[in-house]
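# Architecture and fold: a report
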Amino acid sequence: MARVYAFIDSQNLNLGVRAHGWQLDFRKFRQYLRDKHDVGKAYLFIGYQPGNEALYTALQSYGYILVFKPTMQLPDGTVKGNVDAELVLHAMIEFPVYDQAIIVSGDGDFYCLAEYLDTKGKLLRILAPSRRYSTLLRKYATRVVQVGRLRGSLEYKQKK
């Protein structure tokens, strides 16, 4: 059985689906990765913010392996924690261990990673938040899954 790992740009995924008016249920998403793509390890790259420990604990309980990036607050008050370098680094550190990889991001900055994984026969899928993903990744269009099309089964629903 192939060992499949997912490398998830949490900010790209989260902001991408929110831009289309919905919120991802990360528990359902982890189950989807397990059931549909046989993902054994799901690395979630996320900016660390003090006070979000309950969120981080919940994500870990769903089966994600969290990789934190320090964040910084910009002059306009927004918080930035770009995880691109960490995602690529971990994909390469783990390279000898997995058979196939899934990149979860629509960011063209991951083109070089997708290209390398493809040349080595290890690129399984790219999961882009919506149909609006980088034109650089269009080369892999046959392997792109648009998470937005899965809204019905992956949307977070408030408990009543």
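Up top is the structure these notes are about.
Right, let's walk through the structure included here. (Residues numbered from 1 in each chain as written. Predicted model: local features only at pLDDT ≥ 70, side-chain atom pairs only at ≥ 80, totals over all residues. Heavy atoms only, no water.)

## Quick look at the pairing of strand β2 (residues 39-48)
- Counting buried positions along β2 gives 7 out of 10 residues, so the element sits mostly inside the fold.
- Pairing geometry for strand β1 (residues 4-9) and β2, over 6 bridges, is parallel. By the bridge assignment for β2, D9 is matched with F45.
- Pairing between β2 and strand β3 (residues 64-70): 7 bridges, direction parallel. (Buried < 20%, exposed > 50% of the residue type's maximum accessible area, 1.4 Å probe, protein only. Helix = DSSP H or I, 4+ residues; strand = E, 2+ residues; numbered from the N terminus. Pairing = 2+ DSSP bridges.)

## Observations regarding the packing of aromatic side chains
- Taken as a whole, this structure holds 14 aromatic pairs when the rule is applied.
- Measuring from centroid to centroid gives 6.1 Å for Y5 and Y43, while their planes differ by 50°, and the two rings are tilted. Of the two residues, Y5 is situated in strand β1 and Y43 in strand β2; the sequence distance between them amounts to 38 residues.
- Using a relative accessible area of 6% as the deciding quantity, one classes Y5 as buried. (Phe/Tyr/Trp six-rings, centres within 6.5 Å; stacked < 30°, edge-to-face > 60°.)

## Side note on the nonpolar core
- I8, L24, F29, L33, Y64, L127 and V147 are the most contacted members of the largest nonpolar core, which totals 26 residues.
- Broken down by secondary-structure element, the contributors of at least two residues to this core are β1, α1 (10-18), α2 (26-37), β2, α3 (53-61), β3, β6 (100-104) and β7 (123-128).
- Excluding residues that lie within four positions of it along the chain, L33 makes contacts with A6, I8, D38, V39, A42 and L127.
- With 23 residues, the next largest nonpolar core counts F7, F95, A101 and Y140 among its residues. (Core = buried A, V, L, I, M, F, W, Y, C linked by side-chain atoms within 4.5 Å. Contact = heavy atoms within 4.5 Å.)

## Some thoughts on the layout of surface pockets
- Computed from the structure, the largest pocket encloses a volume of approximately 710 Å³.
- Within the residue set of the lining of the largest pocket, elements represented by two or more residues are α1, α2, β2, α3 and β5 (79-80).
- The dominant element in the lining of the largest pocket, judged by the number of residues it contributes, is α1, at 5 residues.
- Looking at the lining of the largest pocket residue by residue, the class counts come to 14 nonpolar, 9 polar and 5 charged. (1 Å grid on protein atoms, 1.4 Å probe; cavity = no way out; pocket = protein on both sides within 12 Å on 5 of 7 lines; lining within 4 Å. Points joined across faces, edges and corners; volume = space filled by probe spheres on them. Nonpolar A, V, L, I, M, F, W, Y, C, P; charged D, E, K, R; others polar.)

## Considering the sheet that holds β1
- On the basis of which strands lie adjacent, the open sheet formed by 6 strands has the order β3-β2-β1-β6-β7-β8 and parallel pairing. With one partner strand each, in any of the chains shown, β3 and β8 (144-146) form the two edges of the open sheet. Within the sheet, the average angular offset between the axes of one strand and its neighbour, ignoring direction, is 20°.
- Two strands pair when backbone bridges link them, and β1 and β6 are joined in this way by 5 bridges, in the parallel orientation. Counterpart to V4 in the pairing with β6 is Q100. (Axes fitted to C-alpha atoms, helices over the stretch in contact; angles between N-to-C directions.)

## So, the pattern of salt bridges
- Summed over all chains, the structure comprises 6 salt bridges.
- For E155, the salt bridge is made with R151, and the minimal N-O distance between the two is 3.3 Å.
- What makes E155 buried here is its relative accessible area of 18%.
- Here the salt bridges do not stand alone but share partners, grouping R151, E155 and K157 into one network. (Salt bridge = Lys/Arg side-chain N within 4 Å of Asp/Glu carboxyl O.)

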